[in-house]
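Residue-level structural notes
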Amino acid sequence: MLINNDTIVKDSDPKIRQKSKPVSLPLSKEDETLLRELFQYVKDSTDPELAEANNLRPAVGISAIQVGVPKQLTAVIVHEVDNEEKEITHEYMLVNPKIVSSSVQKAYLNSGEGCLSVQEEHEGHVVRSARVTVKAFDLIQNKEITIRARGYLAIVLQHELDHFKGVLFYDHINPNNPFEEIEGALVI
Ligand code: CO
């Protein structure tokens, strides 16, 4: 499948609001191929030369509905620096991911969120949980995994899993007060 900025489903298309269905395991060849293509998109999108040559918008994640397939498949690549200044890369090819618990504490990205399916800017605090536990089958590790995510990774996972419900990041922005201060929230 050709995945680029022209073929990705935008929010002007009602399909982006469609709910995604769980996928059966073991993965069919078709589902596995799609998930690998989604992952490759994310990987290539952050390579400036490939992005330029292939019309890719840089992304940290993409879900299957964004290429028009309503299945619970998502690919995520998040780079983070830990407390000891060490670079860590979180890479996942997730099948049927589910949030099994979320913190009461909230978090949001100070600069707001973006999405491959959204071309206009939507400024404001996208308020989410600061920590989430996600269970999924991960094709990279080829097994069921539990992800205990905090900070940026937690935000990215919630953003991607929202796509399964047809929810977009700006749905979480308070229309009456987009930059509302949230008490006790972690600002990332
Ligand atoms: Co998105």
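Whatever comes next refers back to the structure up there.
The rules behind these values
Residues numbered from 1 in each chain as written. Predicted model: local features only at pLDDT ≥ 70, side-chain atom pairs only at ≥ 80, totals over all residues. Heavy atoms only, no water. 1 Å grid on protein atoms, 1.4 Å probe; cavity = no way out; pocket = protein on both sides within 12 Å on 5 of 7 lines; lining within 4 Å. Points joined across faces, edges and corners; volume = space filled by probe spheres on them. Nonpolar A, V, L, I, M, F, W, Y, C, P; charged D, E, K, R; others polar. Core = buried A, V, L, I, M, F, W, Y, C linked by side-chain atoms within 4.5 Å. Buried < 20%, exposed > 50% of the residue type's maximum accessible area, 1.4 Å probe, protein only. Helix = DSSP H or I, 4+ residues; strand = E, 2+ residues; numbered from the N terminus. Contact = heavy atoms within 4.5 Å. Phe/Tyr/Trp six-rings, centres within 6.5 Å; stacked < 30°, edge-to-face > 60°. Donors = N, O, S within 2.8 Å, 3.2 Å for Na, K, Ca; no water.

**What to know about the layout of surface pockets**
Roughly 490 Å³ of internal volume is contained in the largest pocket. Lining the largest pocket are 30 residues, and of these Gly112, Glu113, Gly114, Cys115 and His159 lie nearest its centre. A per-class count over the lining of the largest pocket returns 12 nonpolar, 12 polar and six charged.

**Some remarks on the nonpolar core**
Ranked by size, the top nonpolar core spans 25 residues in total, and within it Leu35, Leu38, Tyr41, Ile62 and Leu73 carry the most contacts. Going through the elements one at a time, helix 1 (29–45), strand 2 (73–81) and strand 3 (87–102) are the ones with two or more residues in this core. The contacts of Leu38, once residues within four sequence positions are left out, are Ile3, Ile62, Ser63, Ala64, Val67, Leu73 and Ala75. With 14 residues, the next largest nonpolar core counts Val132, Ile145, Ile147 and Leu153 among its residues.

**Re the packing of aromatic side chains**
What the rule picks out here adds up to one aromatic pair. Residues Phe169 and Tyr170 carry aromatic rings whose centres are separated by 5.5 Å and whose planes lie at 75° to one another, so their mutual orientation is edge-to-face.

**Focus on the coordination of the cobalt ion**
At this site the cobalt ion is bound by Cys115 (SG), His159 (NE2) and His163 (NE2), with donor distances of 2.1 to 2.3 Å. Read in sequence order, the donor residues coordinating the cobalt ion give the pattern C-x43-H-x3-H. Residue Cys115 is located in the loop between strand 4 (106–108) and strand 5 (128–129), and its partner His159 is located in helix 3 (residues 151–164); the two are separated by 44 residues in the primary sequence. Each member of the pair, Cys115 as well as His159, carries the same accessibility label: buried.

In short, shape yes, function no, at least from these values alone.
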